[in-house]
Amino acid sequence: MEISPTEAEQALDAIQSMVKKTRRAVASSGSYIFLVVWGVIWLIGFTCSQFLADPLVGKIWAVLNILGAVLSAVIGIRMNRGVRNTSVSPLLGQRLGLFWLLLWLFCAAAIAVIWPPEPKQLAMIIILFVMTGWIAMSLLLSMTSTWWGIAFAALALAAYFLVPDYFYLIMAVLGGGGMIALGFYIRSRW
Amino acid sequence: MPELNETIHQPIRLRIMAALVTLKQDEELDFSTLRKLLDVTDGNLGAHLRKLEEAGYIAVNKTFVERKPRTYVAVTPAGRKVFDQHVAALKAILNSK
């Protein structure tokens, strides 16, 4: 079989384009949406925490968290990627769902133990539990963002203990903004 | 010098193989997802998959998910190898220009 260099170039272009399309559609690029959604929620929520009064901030966070949970559930269900991993148990999805449910219950229990918490304590506890979940998912599923999870947790702790007056602002800009940037970085890399 | 593979070189089969080699070794792609990616009809895709399966380049796995029939397609180690050789041959032709 013989073909011209032009035909070879066209075939290689077709391969490249298909590889890119497949990666975008079915590979792990879907996870970037979660980062962007929760990055936007953190950006809005923590900015409000920094500049607005307490009763209003509580309501804003409640709305944002419900919105985030609903969006995450919808994205998670729609993200049925059409890919099956034969070396992974079909029950993995249910186990991961159970893990997150238990993590949230433990988070609620930790908050109940220290009740009534200071608003910053409450934020810090939730951040630590979210980062625990993030790191666990990363260790179990891909390893790609483990260090980012550790970095975000370290950033939150540093801001909490070293610059408490600007804790919310730092979490909004570097935490929320960082998650959005990381989300778009993952998307562009794929 | 690596040689071109006639079975793989057909445009739709080339794109099928490109999609499948993108997945990790233990992963399989659902038939309908593959069809959407390629923008072809069920019959057309089925015919090309049969050719690739007969050549031993892909494995077709028919199963049930939540009581509904689902077909998954994966590239075999032999398929991955010949695809890599085919790509190498294409690059060699392009470089000889």
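Small disclaimer: the values here were computed from a predicted structure and weren't measured. (Residues numbered from 1 in each chain as written. Chains lettered and ligands numbered in written order. Predicted model: local features only at pLDDT ≥ 70, side-chain atom pairs only at ≥ 80, totals over all residues. Heavy atoms only, no water.)

K.L.:
Help me understand the overall build of chain A in this model?
P.N.:
The number of helices and strands found in chain A is seven helices and one strand. In chain A, the order of α-helices and β-strands from amino to carboxyl end is α-α-α-β-α-α-α-α. Going through the 190 residues of chain A one by one, you find that 36% of them count as buried. Taking the intrachain contacts of chain A between residues at least 6 apart in sequence as the baseline, contacts between residues at least 24 apart amount to 68%. (Helix = DSSP H or I, 4+ residues; strand = E, 2+ residues; numbered from the N terminus. Buried < 20%, exposed > 50% of the residue type's maximum accessible area, 1.4 Å probe, protein only. Contact = heavy atoms within 4.5 Å.)

K.L.:
Any chance you could explain the overall build of chain B here in plain terms?
P.N.:
When helices and strands are tallied, chain B shows five helices and three strands. Sequence-ordered secondary structure for chain B, helices as α and strands as β, is α-α-β-α-α-β-β-α. Counted over contacts in chain B with a minimum sequence separation of 6, partners at least 24 positions apart contribute 58%. Counting every atom, chain B has about 5,400 Å² of accessible surface; 48% of that belongs to carbon and sulfur. (Areas by Shrake-Rupley, 256 points an atom, 1.4 Å probe, with all protein chains shown as cover.)

K.L.:
I tried to follow the nonpolar core on my own but got confused; where do I start?
P.N.:
Nonpolar side chains tend toward joint burial in soluble globular proteins. Ranked by internal contacts, the top residues of the largest apolar core, which has 39 residues, are B:I16, B:L34 and B:F83. Among the elements of the structure, α1 (5-26) of chain A together with α2 (11-22), α3 (31-38), α4 (42-54), β3 (68-75) and α5 (77-95) of chain B are those that each provide at least two residues to this core. When sequence neighbours within four positions are dropped, the list of residues in contact with B:L34 reads B:I16, B:A19, B:L29, B:L45, B:L49 and B:V73. Counting residues in each nonpolar core, the second largest holds 29 residues, with A:V36, A:L64, A:W134 and A:A159 among its members. (Core = buried A, V, L, I, M, F, W, Y, C linked by side-chain atoms within 4.5 Å.)

K.L.:
Would you mind showing me how to read the packing of aromatic side chains here?
P.N.:
The description of two aromatic rings rests on the distance between their centres and on the angle between their planes. Taken as a whole, this structure holds ten aromatic pairs over all chains when the rule is applied. Each ring, one from A:W148 and one from A:F152, has its centre 6.4 Å from the other, and the planes form 40°; the classification is tilted. Of this pair, A:W148 and A:F152 both sit in helix α6 (residues 146-162), separated by four residues, roughly a single helical turn. Take A:W148: its relative accessible area is 43%, and that puts it in the partly exposed class. Relative to A:F167, the ring of A:Y160 lies with its centre 5.7 Å away and its plane at 80°, an arrangement referred to as edge-to-face. With respect to class, A:Y160 is no different from A:F167; both count as buried. Members of the aromatic cluster, connected to one another through ring pairs, are A:W42, A:F46, A:W61, A:Y160, A:F161, A:F167 and A:Y168. The ring of B:Y72 carries A:R84 above its face, with NZ or CZ at 4.3 Å from the centroid. (Phe/Tyr/Trp six-rings, centres within 6.5 Å; stacked < 30°, edge-to-face > 60°. Lys NZ or Arg CZ within 6 Å of the ring centre and 35° of its normal.)

K.L.:
Would you mind showing me how to read the side chain of B:D30 here?
P.N.:
Within the secondary structure, B:D30 is located in strand β1 (residues 27-30). Taking the relative accessible area as the measure of exposure, B:D30 reaches 5% and is therefore buried. A distance of 3.2 Å separates polar atoms of two side chains, one belonging to B:D30 and the other to B:R70. When residues no more than four places from it in sequence are discounted, the contact partners of B:D30 are A:G82, B:R70, B:T71 and B:Y72. (Polar contact = N/O pair within 3.5 Å; in protein donor to acceptor, adjacent residues only side chain to side chain.)

K.L.:
Mind showing me how you'd approach the interface of chain A and chain B here?
P.N.:
A common measure of how large an interface is: the accessible area buried when the components associate. Residue-level contacts link 24 residues of chain A with 29 residues of chain B. Of the roughly 2,500 Å² buried at the junction of chain A and chain B (both faces included), carbon and sulfur atoms supply 71%. Contact with chain B buries surface across chain A, with A:M1, A:M18 and A:R84 losing the most and accounting together for 28% of the total. Scanning the region where chain A abuts chain B turns up one salt bridge. The partner of A:R84 in a salt bridge is B:E28, with the nearest N and O atoms 2.8 Å apart. Linking chain A to chain B there are three residue pairs in polar contact (both at pLDDT 80 or more). Contributions of two or more residues to the side of chain A that touches chain B are made by α1 and β1 (83-85) of chain A. Residue contributions to the side of chain A that touches chain B peak at 13 residues, all from α1(A). (Buried area = accessible area lost by both parts, 1.4 Å probe. Salt bridge = Lys/Arg side-chain N within 4 Å of Asp/Glu carboxyl O.)

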